[in-house]
Amino acid sequence: MPCLLDTNSFKNDLLKELPHLRGFARFLCKNTTLADDLVQETVVRALRAQDQFVENTSLKAWLFTIQRNIFYEQKRRSSREETVFQDYEKSQSEPTRNNNQNARDAITDLSSFLWELPDTLREAIILVGAQELSYEDAAAVCNVPIGTIKARVSRARAQLAELAKEHSII
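Residues numbered from 1 in each chain as written. Predicted model: local features only at pLDDT ≥ 70, side-chain atom pairs only at ≥ 80, totals over all residues. Heavy atoms only, no water.

Undergrad: Explain the overall build of the protein chain to me, using residue names and the numbers behind them.
TA: A count of helices and strands for the protein chain gives eight helices and zero strands. Shown N-terminal to C-terminal, the secondary structure of the protein chain runs as helices and strands in the order α-α-α-α-α-α-α-α. Here the protein chain holds 170 residues, and the buried ones make up 38% of them. Of all intrachain contacts in the protein chain linking residues separated by at least 6 positions in sequence, the fraction that spans at least 24 positions is 64%. Counting only carbon and sulfur atoms, one obtains 50% of the accessible surface of the protein chain, whose full area is about 10,000 Å². (Helix = DSSP H or I, 4+ residues; strand = E, 2+ residues; numbered from the N terminus. Buried < 20%, exposed > 50% of the residue type's maximum accessible area, 1.4 Å probe, protein only. Contact = heavy atoms within 4.5 Å. Areas by Shrake-Rupley, 256 points an atom, 1.4 Å probe, with all protein chains shown as cover.)

Okay, here's the thing in structure tokens:
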């Protein structure tokens, strides 16, 4: 059933999701500028496809699905962007170490560890953990069965714990 929400209500609800879209985009892109471009394209496409949104479903999951599809579409199209993406990832992969580590350092280490995860595991842990989507909504965003999302989140948590253990964080 198509969306029966009025345009202003839809736009207001969309605006409320912008911080979440930006957060997810930053984890997909690993680059603030590319993430902002991705959010902008997501909003444009969502507004164009407003009539396809099904009322009483998760707008956040619907928007994340659009955003994820755009991200992978752009990734497939441009080998040059892929090279830049990989170079940036390599520059971010070395965690910072400090004998007197404070909470800020621990967060920096966690961020570094997230970038060491495979894309599918990082995506799952961010959707369920940071973006607080249900397993069902995260599965819909990634177009995989719910069991796959649960397994990915579990593997991501285990790998993060192992990375933290290796670096004497926990």
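Undergrad: Residue-level account of the side chain of Arg152, with values.
TA: Considering the arrangement of structural elements, one finds Arg152 in helix 8 (residues 146-166). In this structure Arg152 is buried but unpaired, with Glu123 as the nearest side chain of opposite charge at 4.5 Å. The contacts of Arg152, once residues within four sequence positions are left out, are Thr120, Leu121, Ala124, Cys142 and Val144. (Lys, Arg positive; Asp, Glu negative; His and termini not counted. Salt bridge = Lys/Arg side-chain N within 4 Å of Asp/Glu carboxyl O.)

Undergrad: Could you give an account of the environment of Glu116, with specific residues and numbers?
TA: Here Glu116 shows up in helix 5 (residues 103-116). Judged by relative accessible area, which is 33%, Glu116 ranks as partly exposed. Glu116 sits 44 residues away from Leu160 along the chain, and the two C-alpha atoms are 8.8 Å apart.

Undergrad: How would you explain the packing of aromatic side chains if you had to name every residue and give the values?
TA: Enumeration according to the criterion identifies six aromatic pairs in this entry. Among the aromatic residues, those joined into a cluster by ring pairs are Phe10, Phe53 and Trp62. Between Lys150 and the ring centre of Tyr135, over which it is positioned, the NZ or CZ distance is 5.7 Å. (Phe/Tyr/Trp six-rings, centres within 6.5 Å; stacked < 30°, edge-to-face > 60°. Lys NZ or Arg CZ within 6 Å of the ring centre and 35° of its normal.)

Undergrad: Tell me about the packing of helix 2 (residues 32-48) against helix 3 (residues 59-77), residues and numbers included.
TA: In contact at an axis separation of 9 Å, helix 2 and helix 3 are set at 120° when each is read in the N-to-C sense. In terms of orientation, helix 2 lies oblique with respect to helix 3. When you trace helix 2 past helix 3, the crossing you get is right-handed. Listed contacts from helix 3 to Leu38, Val39, Glu41, Thr42, Arg45 and Ala46 of helix 2 are Trp62, Leu63, Ile66, Gln67, Ile70, Phe71, Glu73, Gln74 and Arg77. Looking at the contact of helix 2 with helix 3 residue by residue, the classes come out as eight nonpolar, three polar and four charged. (Axes fitted to C-alpha atoms, helices over the stretch in contact; angles between N-to-C directions. Parallel < 35°, antiparallel > 145°, perpendicular 65-115°, else oblique. Left-handed = near helix turned anticlockwise from the far one by under 90°. Nonpolar A, V, L, I, M, F, W, Y, C, P; charged D, E, K, R; others polar.)

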